[in-house]
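Given next are the chains, with one letter for each unit.
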Amino acid sequence: MKKLPNISISSKQWLTGITIVCVILMGISLFTDKISVPLKRVASVIVVPMQKGINDIGTYVYSKYTLLKDFSRISEENLQLKEEIARLTEENSQLSLNKFELERLRALYDLDDKYANYQKTAARVIAKEAGNWYSVFTIDKGSQDGIEVDMNVIANGGLVGIITDVGEDYAIVRTIIDDGNNVSGMLINTGATCTVEGSLSLMDSGYVYLKYFKNDTEVKDGDKIVTSNISSKYVEGLLIGYVKEVTTDPNSLTKSGYLIPVVDFEHLQEVLVILDKK
Amino acid sequence: MKRKVCITVLAIVFYCLQTTFCKTIAIASVSPNIMILIPICFGYFKGKNEGIFAGCVTGLLYDVFYTSLLGFSILAFTYVGYIAGLFQKEFDQKRMIIPMIITAVASFSYDFLIYVGGFLLYNKLNAFYYTGRIIIPGMMYTLAAMALLFRPMYYLSGVFEKKDRRKVTEYVSGN
């Protein structure tokens, strides 16, 4: 067999080549993310099943661990719960009577149950961003489950974030606490609008910024903030969190403070994706 | 060739671990960056070319899903691998001080660059807060991971070395 000519490329040449390619790649990705689509497809075929697997193992181990830890507590709790069931059944029959009345009155007022009938699908968190800077995670459902970019994600009855990227069997969610992420919100009782802004510098407190209330807005601690009707990407009326320490800004035109999110972002395992887009 | 496959597989495994397991063991929301250890180890054990290759593969994986600026981590990790490769002649199995220093410097510089590109340019000027809260803890955690993984990584790079060498000797004796 004829030997191939031995072309040797020195490591400095490799380095220069890669530098040039990377700079070009970065330049292109400033304008479009089309270039990474095939890469993502290839990588997701290998990576996503592995992440799902590791995640399954983790969940299994964790559930066994908590089961062992909680066994004695559970049996005690079981007794208490049985008592509670008896009490609740009684209460329930009473409430169902009230419900009839409520429905009748609702029909009278023509109040549709506006938010309960969004279509949702449940998904599990399988991976989080590799570095420590951004609050972004991957879920195990993608375009084949009907998920699209810009769909809203909720959990524990509160807003988690928004889908920024979708593959066949995965989707990437950017949370509302991610640094620099803005959500348009409003006070549930008065409809006064504000902006909810995530910040890495508040990560220890667990809060996010609440900005741009008009100065004449009446707002107090514990008021509920929901996604606003003027938001272009978030569907209306999803609970974001509760107001904390809103004060007038030095410019005397706006008020700002903090918001305590409803969602526990540290221990997020399952989320719901709202399939209706705004 | 075999070691290139080995590096690729290792990068994929480390990536999966970093996005799942490492996030579970995060202390105060800071997790170790085990991906950066691959170019450091292979550069340091096997030289500049291996370091560059390992940096390329890990950087590409790092970038593909979560970075908006595709190419940034490839570039950073490639340089990390190259620089680690410069120290290959100092390689001594028993002394860990050099790879630890490389890891510290690499981890710090990489995170600091992300801070500059993703935060400083967006008017978040409090560099001391970000350095103290994220960069330094991340670096310490990565160093701890390096201390734990140094020997396994050395073993892994050696396994494929032996096989490659045996093949060469077979080839030579066969002719």
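Residue positions are counted from 1 within each chain, in the order its sequence is given. A letter from A marks each chain and a number from 1 marks each ligand, given out in the order of writing. Thresholds applied to this predicted model are a pLDDT of at least 70 for local features of residues and 80 or more for the giving and counting of side-chain atom pairs; totals over whole chains, interfaces and linings are not thresholded and use all residues. With hydrogens and water stripped out, all remaining heavy atoms of the structure feed into the side-chain values.

1. Examining the packing of helix α3 (residues 37-46) of chain B against helix α4 (residues 48-66) of chain B
All names here are of chain B.
Okay, so step 1: Helix axes are fitted to C-alpha atoms over the stretch in contact, other axes to C-alpha atoms as well, and angles between N-to-C directions run from 0 to 180 degrees. Counting from the N terminus, the helices are DSSP H or I runs at least four residues long and the strands are E runs at least two residues long. Two elements in contact, α3 and α4, have axes whose closest approach is 7 Å; the angle formed by their N-to-C orientations is 165°. For the element pair α3 / α4, the angle class is roughly antiparallel. α3 and α4 meet at a crossing whose hand is right-handed. In this structure, α3 contributes I38, P39, F42, G43 and K46 to the contact, and α4 contributes K48, E50, G51, A54, G55 and T58.
Okay, so step 2: Residue composition of the contact of α3 with α4, grouped by class: four nonpolar, four polar and three charged. Small angles under 35 degrees read as roughly parallel and large ones over 145 as roughly antiparallel, with 65 to 115 read as roughly perpendicular and the rest as oblique. Helix crossings are classified by the rotation of the near helix relative to the far one: an anticlockwise turn of less than a right angle makes the crossing left-handed, while a clockwise turn makes it right-handed. Between two residues, a contact is recorded if the distance between any of their heavy atoms is within 4.5 Å. Following the grouping adopted for this structure description, the nonpolar residues are Ala, Val, Leu, Ile, Met, Phe, Trp, Tyr, Cys and Pro, the charged ones are Asp, Glu, Lys and Arg, and the polar ones are all others, Gly among them.

2. Section: the pattern of salt bridges
Okay, so step 1: Salt bridges are identified by distance alone: a Lys or Arg side-chain nitrogen within 4 Å of an Asp or Glu carboxyl oxygen. Inspection of the entire model under this criterion finds 15 salt bridges over all chains.
Okay, so step 2: When the shortest N-O distance is used, the salt bridge between K277(A) and E148(A) registers 3.2 Å. Placement of the pair is K277(A) in the segment after β12 (270-274) and E148(A) in the loop between β2 (136-139) and β3 (152-155), with a sequence separation of 129 residues.
Okay, so step 3: Residue K277(A) is classed as partly exposed on the basis of its relative accessible area of 41%.
Okay, so step 4: The rule is simple: take the accessible area with a 1.4 Å probe, protein chains only, and divide by the maximum for that residue type; under 20% is buried, over 50% is exposed, in between is partly exposed. By relative accessible area, E148(A) is classed as partly exposed at 41%.
Okay, so step 5: E50(B) is the salt-bridge partner of R3(B), the closest N and O atoms lying 3.2 Å from each other. Residue R3(B) is located in helix α1 (residues 2-19), and its partner E50(B) is located in helix α4; the two are separated by 47 residues in the primary sequence.
Okay, so step 6: Residues participating in the shared-partner salt-bridge network are D56(A), R124(A) and D140(A).

3. Comments concerning the domain arrangement of chain A
Residue and element names in this part refer to chain A.
Okay, so step 1: One can read the domain layout of chain A as domain 1 (33-111) and domain 2 (121-278).
Okay, so step 2: Measuring from the centre of the C-alpha atoms in domain 1 to the corresponding centre in domain 2 gives 20 Å.
Okay, so step 3: Domain 1 puts eight residues into the contact, and the matching count from domain 2 is eight residues.
Okay, so step 4: For any pair of parts, buried area is found by adding up, for both, the accessible area (1.4 Å probe) each one loses once the two are put together. In total, about 830 Å² of surface goes out of reach between domain 1 and domain 2, with carbon and sulfur atoms giving 46% of it.
Okay, so step 5: In this assembly, domain 1 and domain 2 are joined by two salt bridges.
Okay, so step 6: A salt bridge links D56 to R124, with the shortest nitrogen-to-oxygen separation between them at 2.7 Å.
Okay, so step 7: Pairing of N or O atoms within 3.5 Å defines a polar contact, subject to two protein rules: one partner must be a possible hydrogen donor and the other a possible acceptor, and residues neighboring in sequence count only if both atoms are side-chain atoms. Connecting domain 1 to domain 2 are three residue pairs in polar contact (both at pLDDT 80 or more).
Okay, so step 8: Across the side of domain 1 that touches domain 2, the residue classes break down as one nonpolar, four polar and three charged. An automatic or database domain assignment supplies the start and end points of every domain.

4. So, a nonpolar patch on the surface
All names here are of chain A.
Okay, so step 1: A residue counts toward a patch only above 30% relative accessible area and without a salt bridge, and it is joined to like-charged neighbours within 9 Å or, for Val, Leu, Ile, Met, Phe, Trp and Tyr, to nonpolar neighbours within 5 Å. For the accessible areas, the method is Shrake-Rupley and the probe is 1.4 Å, while residue cover comes only from the protein chains on display. Taken together, the side chains of I20, I24, I28 and I35 define a hydrophobic patch exposed on the protein surface, amounting to about 320 Å² of accessible area.
Okay, so step 2: Examined against the element boundaries, I35 turns out to sit in the loop between α1 (11-31) and α2 (37-109).
Okay, so step 3: Taking the relative accessible area as the measure of exposure, I35 reaches 30% and is therefore partly exposed.

5. Description of the pairing of strand β5 (residues 171-175) of chain A
Residue and element names in this part refer to chain A.
Okay, so step 1: With four of five residues buried, β5 is to be regarded as a mostly interior element.
Okay, so step 2: In this sheet, β5 lies alongside β2 in antiparallel orientation, the contact comprising four bridges. The partner of F137 across the bridge, within β5, is V173.
Okay, so step 3: Pairing between strand β4 (residues 158-166) and β5: five bridges, direction antiparallel. Following the sheet pairing, V166 is matched in β5 by A171.
Okay, so step 4: At least two DSSP bridges between two strands are required for those strands to pair. Between the end of β4 and the start of β5, which pair antiparallel, lie four residues.

6. Quick notes on the sheet that holds strand β8 (residues 208-214) of chain A
Residue and element names in this part refer to chain A.
Okay, so step 1: Taking strand neighbours around the barrel as the criterion, the six strands line up as β6-β7-β8-β11-β10-β9 in a closed arrangement whose pairing is antiparallel. Strand-to-strand, the axes of this sheet are offset by a mean angle of 40°, without reference to chain direction.
Okay, so step 2: Where strand β9 (residues 224-227) lies against strand β10 (residues 239-248), three bridges are found, and the strand directions are antiparallel. Residue pairing for β10: V226 is matched across the bridge by L239.

7. What about the pairing of β4(A)?
Residue and element names in this part refer to chain A.
Okay, so step 1: Where burial is concerned, most of β4 is hidden: seven out of the nine residues are buried.
Okay, so step 2: Note: β3 against β4, four bridges, orientation antiparallel. Looking across to β4, one finds that N152 is bridged to I162.
Okay, so step 3: Here β3 folds back onto β4, and the loop between the two strands holds two residues, one of which, N156, carries a positive phi near 45°.

8. Remarks on the packing of aromatic side chains
Remark: the centre distance and the inter-plane angle together describe each pair of aromatic rings, the angle taken between the planes.
Okay, so step 1: Geometry of aromatic contacts follows a simple scheme: Phe, Tyr and Trp rings, the Trp one being its six-membered ring, pair when their centres are within 6.5 Å, and the pair is stacked under 30 degrees between planes, edge-to-face over 60, tilted otherwise. A full pass over the atoms with the stated rule returns 25 aromatic pairs over all chains.
Okay, so step 2: Geometrically, the ring pair formed by Y207(A) and Y258(A) is tilted, given 5.9 Å between the ring centres and 40° between the ring planes. Of this pair, Y207(A) sits in the loop between β7 (193-197) and β8 while Y258(A) sits in strand β11 (residues 254-261), and the two are 51 residues apart along the sequence.
Okay, so step 3: Overall, Y258(A) belongs to the partly exposed group, its relative accessible area being 26%.
Okay, so step 4: One aromatic cluster is present, built from ring pairs that chain together W133(A), Y134(A), F108(B), F112(B), Y115(B), F119(B), Y129(B) and Y130(B).
Okay, so step 5: A cation over an aromatic ring shows up here: K211(A) above the ring of Y209(A), its NZ or CZ 5.0 Å from the ring centre.
Okay, so step 6: Lysine NZ or arginine CZ positioned within 6 Å of the ring centre and within 35 degrees of the ring normal marks a charge as sitting over the ring. In this structure, K4(B) packs its charged tip against the face of F53(B), placed 5.3 Å from the ring centre.

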